[in-house]
Structures are given as C-alpha cells and as structure tokens.
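# Descriptive structure summary
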Amino acid sequence: MKEDDSVEALLDHEVGHFLFHPYCLERVIREGQAMKNKENGETARQFYDDINNNLRIIASKNTTKIPEVYKAMKPESNVEKAILLFYQNQTGLDFGMENPEDNLKIAADKMQE
Ligand SMILES: [Zn+2]
C-alpha cells in the first residue's frame, strides 16, 4: 500500500471525527458518562466512535482509502477480526476477510468464551 494512501485514509478518519462522529464535545461527554464504571467501557466507547465514524466516511466518500488500510493490516485479535467482518458485511467492500459468514460465527463464538 502506498504511503500517500495511508496518510489520506488517516486524514479521512480524523476529519471524520469532526464531521460525522462524535462531531461535538457534548456527545463525547455523554458517551463517557454512559460507559463510566462499565468493564472496558472506555475501550468500547472508542471502538463505537471509530466504527461509526468509518462507516459514515465510507458511505459518503467512495474514494476513501480506509478499506485498503484495513485490508493491508493483519487483524490479531478476535475483536479486530469481528470489526473487519462487520465493516465488510455493512459496506459490501473487501476488508481482507475471507469466508465472512464462517469467520463472523467463529469470532462471535470466541468472544463469548
Ligand atoms: Zn478514531
């Protein structure tokens, strides 16, 4: 993957936080309050913000390089695999996950262990 494409995807993502999600400080504070005292609450909030943001960027800008960046990265955890499968399922784009239906079931089963 070209370095320029990675930089462009990173810029899309960071600007997306201002344009799409969470886009205002009030939302960040409310999400933080909702997840306060929850196990892994801050991590879950960050995943929620990034997933929501990326899906909105992909829906609004079909030239974004975000899918290529994720495709170039090798997911290490089951959470990362599940997120890529979710992106692939929601967008119909290739995020590098093969056999999405089988892998989604395996990732979901392992997260419940
Ligand atoms: Zn982010």
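Computed from a predicted structure; not experimentally measured.

Reading guide: rules and limits
- Residues numbered from 1 in each chain as written.
- Predicted model: local features only at pLDDT ≥ 70, side-chain atom pairs only at ≥ 80, totals over all residues.
- Helix = DSSP H or I, 4+ residues; strand = E, 2+ residues; numbered from the N terminus.
- Buried ≥ 20, exposed ≤ 12 C-beta atoms within 10 Å, placed from the backbone.
- Contact = placed C-beta atoms within 7 Å.
- Domains from an automatic or database assignment.
- Nonpolar A, V, L, I, M, F, W, Y, C, P; charged D, E, K, R; others polar.
- Axes fitted to C-alpha atoms, helices over the stretch in contact; angles between N-to-C directions.
- Parallel < 35°, antiparallel > 145°, perpendicular 65-115°, else oblique.
- Left-handed = near helix turned anticlockwise from the far one by under 90°.
- Core = buried A, V, L, I, M, F, W, Y, C linked by C-beta atoms within 7 Å.

This part takes up the overall build of the chain. Along the backbone of the chain there are six helices and zero strands. In the chain, the order of α-helices and β-strands from amino to carboxyl end is α-α-α-α-α-α. In terms of its C-alpha atoms, the chain occupies a principal-axis envelope of roughly 40 × 35 × 20 Å. A total of 113 residues make up the chain; the buried ones form 18% of that total. Within the chain, counting contacts between residues at least 6 apart in sequence, those at least 24 apart form 57% of the total.

Turning next to the domain arrangement of the chain. A common way to express how large an interface is: the accessible area buried when the components associate. Structurally, the chain comprises domain 1 (1-64) and domain 2 (74-113). On the side of domain 2, four residues touch domain 1, which itself brings four residues to the contact. For the side of domain 1 that touches domain 2, the residue count by class is three nonpolar, one polar and no charged.

Remark: helix α2 (residues 25-35) packs on helix α3 (residues 41-60), axes separated minimally by 9 Å, with the N-to-C direction vectors making an angle of 140°. As judged from the angle between their axes, α2 and α3 are oblique. The hand of the α2/α3 crossing is right-handed. Between α2, through Glu31, Gly32 and Met35, and α3, the contact on the second element is made entirely by Gly41, Glu42, Ala44 and Arg45. Looking at the contact of α2 with α3, its residues break down into two nonpolar, two polar and three charged.

This paragraph deals with the nonpolar core. A general feature of soluble globular proteins is that nonpolar side chains tend to end up buried together. Ranked by size, the top nonpolar core spans 10 residues in total: Ala9, Ile57, Ile66, Tyr70, Ile83, Leu84, Leu85, Tyr87, Phe95 and Met97. For this core, the secondary-structure elements that each account for two or more residues are α4 (66-72) and α5 (78-91). It is α5 that provides the largest number of residues to this core, a total of four residues. Excluding residues that lie within four positions of it along the chain, tyrosine 87 makes contacts with Asn54, Tyr70 and Phe95.

Right, let's get into the environment of tyrosine 70. For tyrosine 70, the location among the structural elements is in helix α4. Considered as a pair, tyrosine 70 and glutamate 80 are 10 residues apart in the sequence and their alpha carbons are 9.9 Å apart.

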